[in-house]
Every structure is written in C-alpha cells, then in structure tokens.
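Tertiary structure, described
The primary structure of each chain is shown beneath.
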Amino acid sequence: MAKRVGIEVSLAIAEAAKLARADVVAAYPITPQTHIVEHLAKLVADGEMDTQYIPVESEHSAMSACLGASAAGARTFTATAGQGLELMHEVMYVASSMQLPVVMTVVNRALSAPLSVWGDHSDVMAVRDTGWIQIFAENGQETVDNVLCAFRIGEDRRVLLPVMIHLDGFYLSHVIEPVLFPEQSQVDKFIPPYQHPMPLHPDRPVTMGAFGPPIIYAETKKAQEVNLEASKEVILQCWDEFGKTFKRYYSPVESYHSEKAKVLLLTMGSFGETAMTAIDKMRGEGREVGLIRLRLWRPFPFKEIRQAVKNAEALIVLDRALSFGGPGGPVCSEIKAALYGEDKKPKVIGFVGGLGGRDITPAGFEEIINRGIEISQKGSENEFEIFGVRE
Amino acid sequence: MTKPEGELTWRDLEIGSIVTEAGNASQYQTGDWRSERPIFDNNKCIKCGLCYIFCPEGCIGQNAEGYFDADLFYCKGCGICARECWPKAISMVPEEE
Ligand code: SF4
Ligand code: SF4
C-alpha cells in the first residue's frame with residue numbers, strides 16, 4: 001500500500017530519487033533547491049540510499065559529472081535553480097545530444113539582477129531549446145510522480161533523453177503537503193533498470209560527443225529533433241501506465257471546465273491551483289470561463305493544445321517570464337505560433353505576471369481574465385501587459 | 001564507418017551520434033582546409049627532423065633516403081614546418097584553384 005506522508009516537497013523529491021534508486025547524484029546547492037540536495041546528502045550519509053553523491057564546486061561541474069555518470073550507465077539525478085541552471089546551460093545541450101537520460105528537478109527561480117531567490121520561469125525559458133524533455137508540476141504529488149516517470153521515460157530505449165521536472169520555487173519547493181509514496185516494490189517494477197545500449201566501457205570502447213564537421217552536423221540535429229518529438233508517444237504511454245498502476249493520471253494538457261467556456265486562461269506550474277479557485281468563483285457567478293494547464297512543455301503538445309482551445313473565443317495566456325524586446329511571454333508566443341495556421345482559433349491575449357515571486361491571488365486571476373476579455377473585444381496597442389505592475 | 005560521412009543520413013547515425021569505430025579520425029581529410037602547401041628543398045635539408053616534430057598534424061614522414069615530406073591528405077597548410085625549419089628548406093606555396 002502507498003504511504004501518505006505530510007512532507008516538505010523538496011524532501012519528497014529526494015525521497016522519490018531514493019525510491020527510483022538513483023546510482024549517482026551530483027549537485028551544487030542553491031536556493032530554493034537546497035533542501036532537495038541536503039536531504040539527498042543526508043540519505044546517502046545515513047546509509048539509507050545506495051548512491052554515489054558527488055559534491056562539486058559549481059553547477060557546471062554538477063551537470064558535467066552527471067554526464068559522465070550517465071554515459072557510464074548510472075542512473076543519474078540532480079537538481080538546481082535559477083542562476084545554477086544558467087551555469088549548467090552549455091553542458092545541458094551535450095546531455096541531450098549525447099542522449100544521456102539525466103533526471104533533474106528545476107526549482108524555478110527568477111534571474112539576477114536585481115538578485116531574486118523567488119520563483120518565476122525566467123530560468124526555464126532560457127534553457128528552453130536545450131533539447132531536454134520538460135514537464136511542469138503543479139503540486140508536490142505531481143512533482144514526486146513525475147520524477148518517477150522521468151526516469152522511466154528518459155531511460156526508455158526508444159527515448160534516451162534527459163528530463164527536467166519544473167516546480168515553482170517556494171510555492172512548491174518549501175510547502176508541506178500530503179504526498180502519497182508508492183511502495184519500493186511498485187517503483188522497482190515501474191522503473192526497469194537503466195541500460196544504456198552503448199555505455200562507456202573499456203571492453204567496448206566508443207567515442208561520445210565527437211567532432212561533427214559541417215558534412216554531418218545537420219544530420220545529427222535532425223536525428224535529435226525526430227527523437228525528441230517521438231518521445232511524446234513514450235511519455236503518453238508512461239503516464240497511462242502510471243495511471244493504471246498508481247491511479248493518478250497525467251496528460252500533456254489539462255482542461256478545467258473548458259469544454260463550453262468562451263474564455264480560457266492558460267497557466268503553467270503551481271499557478272494553476274490558484275487560478276482554479278478564481279475559475280470556480282467566476283463560474284459560480286455564471287461566467288463562461290475555463291482553465292487550461294500546460295504540463296508538457298517539451299516536446300510541445302501541438303495537437304492537444306489545438307484540440308483544447310479550438311472552441312474558445314478568447315485564450316488568455318499568463319507567462320511568468322519576459323522575452324525582452326520580443327513578443328512578451330515565451331509561452332504565449334508559442335501558443336500563438338501553434339494556432340496561427342488553424343481555421344478555428346481563439347484570440348490569444350498575453351499577460352506576464354508573477355515575476356520574481358510576486359503573488360497572484362484568486363482576485364488577481366479574476367482581474368487578468370476580465371482585462372483579457374476587455375482586450376479581446378476592444379483590442380490593445382500593446383503586444384502584452386505586465387499584470388500588477390505599478391505604473 | 002560503413003558509409004563515407006557525406007553519404008550518411010540522419011537515420012544511419014548511432015544513438016547520440018556515438019562513434020563505435022576506434023581511430024576513425026584518420027578518415028578525416030584535414031588537407032581540405034589547406035590554402036598553402038609546403039614544398040621541401042632537399043638540397044637545403046640537413047635531416048634534423050624538426051619539421052617532423054613540430055607538425056601539429058603529425059603528417060610529416062621520413063623517406064628511405066632520410067628526407068622529409070608531408071602527407072597532403074592531412075597537411076592543413078599551417079606553415080609551422082616552414083617557420084621552424086631553420087635552414088629554410090621548406091617554402092609555402094599557394095594552392096592553385
Ligand atoms: S604545413 Fe603544417 S600541417 Fe602541413 S606539413 Fe607543415 S606543419 Fe604539418
Ligand atoms: S626542419 Fe628543415 S632541415 Fe630539418 S628535416 Fe625538416 S626540412 Fe629538413
């Protein structure tokens with residue numbers, strides 16, 4: 001039987017990595033990820049986890065050590081946040097192009113300057129194109145479940161790709177939630193042992209990350225793109241299997257009262273929970289509003305998004321990151337791109353909010369929806385608006 | 001490699017573009033990069049072997065008479081051999097079109 005435990009989400013993530021039997025953890029502490037790696041270090045030091053814990057001098061080294069471990073055939077886990085993720089940046093491309101299924105939880109944090117340890121999605125968006133599978137969690141349970149799924153998906157012979165699980169800094173990482181932990185035996189069955197088909201081994205030497213001159217580079221990138229896109233099928237299968245085993249079901253795009261709603265709000269991450277409260281209230285007042293929560297960020301679920309929003313008149317997208325000098329929020333611009341060629345599509349209105357840990361309350365979400373409806377009817381001179389900013 | 005690099009399609013690549021064949025860097029024609037080639041004047045050469053030591057491609061070899069020459073499949077035309085040959089037995093001449 002699964003155990004229900006009241007636990008801080010960061011600690012629950014470490015427990016999930018333990019349940020998954022991670023062979024190697026290489027990490028560098030950074031707020032708000034610290035409690036994850038602290039707890040992992042404790043589990044290893046107490047002999048509760050049979051894992052090689054590699055303390056490193058930076059996130060660049062953490063990701064590099066993870067690469068080496070994964071290439072040698074070890075199940076590898078790490079975690080980071082904000083500036084730490086940016087320091088890993090260049091090595092992350094190597095993980096995906098060398099097809100090394102490292103699993104990493106990213107505790108989403110704003111980027112300096114000014115210095116902010118609080119949550120938003122600026123860090124994620126800067127690593128958007130690194131070729132990793134990326135999944136956003138909305139609460140602690142989703143985080144734990146998807147850490148387990150991440151190992152199974154990433155290490156699948158048909159995939160072999162690194163996976164990032166995103167959770168909002170503090171909003172999720174530092175709250176205590178009731179979390180259901182599956183039995184060790186269930187997890188062992190759900191995540192088969194990691195077997196890289198061509199690991200680094202003296203008996204069978206291979207070269208990883210070799211020189212790719214112009215004559216071959218484009219082919220390597222096409223192979224990578226096809227592989228990441230094809231991973232969606234495996235992700236769907238994994239979530240399906242997870243649902244059957246653990247009775248919790250996940251999909252790339254979640255709809256909440258969206259079927260007949262004229263106006264839809266789209267969020268990613270923990271804001272979905274607060275937004276649902278606002279949607280409930282507005283629906284209680286007879287308003288035809290619904291919510292779309294985007295869980296799978298890469299590979300981008302084009303089909304599911306188009307299907308989920310096609311009957312709406314307006315789609316209000318809330319981004320927690322800003323593409324400076326660009327179209328506003330990265331999520332909104334991708335949604336617009338996904339819908340551009342559709343005959344039947346809603347008007348897409350972009351908001352940027354919740355930057356650097358700024359709260360958005362249920363009343364705030366109501367305000368965003370009302371302002372979004374106003375813009376959809378009367379238009380606006382701006383590409384997007386920053387919600388709640390003092391003028 | 002089963003096919004030459006220029007004929008490999010994306011489907012032919014191994015997982016993560018792993019190279020499974022040891023030593024296949026020898027198939028890479030660095031000579032492609034060359035815009036000048038070294039010409040060895042054996043009348044000036046004193047067989048000191050400095051060119052052989054300094055060539056970053058390791059593509060200079062010694063023939064039966066003890067003189068040196070570059071393997072143009074690999075010689076990238078950097079001119080280091082000519083710079084280091086103190087009797088000035090090596091001159092760099094432009095590659096023709
Ligand atoms: S030009 Fe450079 S590569 Fe060519 S033989 Fe001389 S030292 Fe070697
Ligand atoms: S460095 Fe000059 S002199 Fe010495 S062996 Fe080479 S070509 Fe001959």
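Residues numbered from 1 in each chain as written. Chains lettered and ligands numbered in written order. Predicted model: local features only at pLDDT ≥ 70, side-chain atom pairs only at ≥ 80, totals over all residues. Heavy atoms only, no water.

Let's talk about the domain arrangement of chain A
All names here are of chain A. According to the domain assignment, chain A contains domain 1 (3-246) and domain 2 (253-386). Here the C-alpha centroids of domain 1 and domain 2 sit 28 Å apart. Tallying the contact residues gives 31 residues for domain 1 and 28 residues for domain 2. At the boundary of domain 1 with domain 2, the tally comes to 5 salt bridges. Notably, a salt bridge pairs Arg-128 with Glu-334, separated by 3.0 Å at the nearest N-O pair. Scanning the region where domain 1 abuts domain 2 turns up 16 residue pairs in polar contact (both at pLDDT 80 or more). For the side of domain 1 that touches domain 2, a count of residues per class yields 15 nonpolar, 8 polar and 8 charged. (Domains from an automatic or database assignment. Contact = heavy atoms within 4.5 Å. Salt bridge = Lys/Arg side-chain N within 4 Å of Asp/Glu carboxyl O. Polar contact = N/O pair within 3.5 Å; in protein donor to acceptor, adjacent residues only side chain to side chain. Nonpolar A, V, L, I, M, F, W, Y, C, P; charged D, E, K, R; others polar.)

With respect to the pattern of salt bridges
Residue and element names in this part refer to chain A. Per the counting criterion, the structure on display carries 25 salt bridges over all chains. A salt bridge links Arg-295 to Glu-142; the shortest N-O distance between them is 2.8 Å. On the criterion of sequence distance, the pair formed by Arg-295 in the loop between β11 (289-294) and β12 (296-298) and Glu-142 in helix α6 (residues 140-155) is long-range, its members being 153 residues apart. Pair check on accessibility: Arg-295 and Glu-142 agree, each one buried. When salt bridges that share partners are traced, they join Arg-128, Asp-129, Arg-298 and Glu-334 into one network. (Helix = DSSP H or I, 4+ residues; strand = E, 2+ residues; numbered from the N terminus. Buried < 20%, exposed > 50% of the residue type's maximum accessible area, 1.4 Å probe, protein only.)

Quick look at the nonpolar core
Residues and elements named next belong to chain A. One finds Leu-40, Phe-77 and Ile-133 to be the most contacted residues of the largest nonpolar core, which totals 54 residues. The contacts of Leu-40, once residues within four sequence positions are left out, are Ala-14, Ala-17, Val-25, Met-49, Tyr-53 and Phe-77. Within the second largest apolar cluster, 27 residues are counted, among which are Cys-66, Ala-95, Trp-132 and Met-198. (Core = buried A, V, L, I, M, F, W, Y, C linked by side-chain atoms within 4.5 Å.)

Re the pairing of strand β7 (residues 163-168) of chain A
In summary, the side chains of a regular strand alternate between the two faces of the sheet. Residues and elements named next belong to chain A. Buried residues dominate β7, accounting for 6 of its 6 residues. Pairing geometry for strand β5 (residues 103-108) and β7, over 6 bridges, is parallel. For Asn-108, the partnering residue across the bridge sits in β7 and is Asp-168. Sheet topology places strand β6 (residues 133-136) next to β7; 4 bridges connect them, and they run parallel. Its bridge partner lying in β7, Ile-133 is registered against Val-163. (Pairing = 2+ DSSP bridges.)

A short note on helix α1 (residues 9-19) of chain A
Residues and elements named next belong to chain A. Judged by how many residues are buried, α1 sits mostly within the fold: 9 of 11 residues are covered. What α1 keeps buried is the set Val-9, Ser-10, Ala-12, Ile-13, Ala-14, Glu-15, Ala-16, Ala-17 and Leu-19. Two residues or fewer after α1 comes Arg-21, characterised by a positive phi angle close to 60°.

A short note on the site of ligand 2
Lining the immediate environment of ligand 2, one finds Phe-40, Cys-45, Ile-46, Lys-47, Cys-48, Gly-49, Leu-50, Cys-51, Phe-68, Cys-85, Pro-87 and Ile-90 of chain B. Along the lines of polarity and charge, the residues of the shell around ligand 2 split into 10 nonpolar, 1 polar and 1 charged. (Near = heavy atom within 4 Å.)

Considering the interface of chain B and chain A
By a widespread convention, an interface's size corresponds to the accessible area lost as its parts come together. Listed by partner, the interface residues are 14 residues for chain B and 22 residues for chain A. Across the chain B to chain A interface the summed buried area is about 1600 Å²; carbon plus sulfur atoms make up 73%. Of all residues in chain B, the largest losses of buried area upon contact with chain A belong to Trp-10, Ile-15 and Ile-18 of chain B, amounting jointly to 40% of the total for that side. Summed over the shared surface of chain B and chain A, the number is 0 salt bridges. (Buried area = accessible area lost by both parts, 1.4 Å probe.)

A few points about the side chain of Glu-177 of chain A
Residues and elements named next belong to chain A. Within the secondary structure layout, Glu-177 lies in strand β8 (residues 176-181). Here Glu-177 is buried and forms no salt bridge, its nearest opposite-charge partner Arg-4 lying at an N-O distance of 8.9 Å. Once residues within four sequence positions are removed from consideration, Glu-177 is found in contact with Val-5, Gly-6, Ile-7, Val-9, Asn-139, Gly-140, Gln-141 and Leu-172. (Lys, Arg positive; Asp, Glu negative; His and termini not counted.)

As for helix α3 (residues 59-71) of chain A
All names here are of chain A. Look at α3: 18 Å from first C-alpha to last across 13 residues, which is about the 18 Å you get at 1.5 Å a residue. Looking only at α3, the buried set comprises Glu-59, Ser-61, Ala-62, Met-63, Cys-66, Leu-67, Ala-69, Ser-70 and Ala-71. Where the residues of α3 are buried, they touch β2 (24-27), β4 (76-80), α4 (82-97) and β5. The backbone nitrogen of His-60 has a side-chain oxygen 3.2 Å away, supplied by the residue at the start of α3, namely Ser-58. Looking at the residues trailing α3, positive phi occurs at Gly-73, about 100°. (Expected span 1.5 Å × (residues − 1).)

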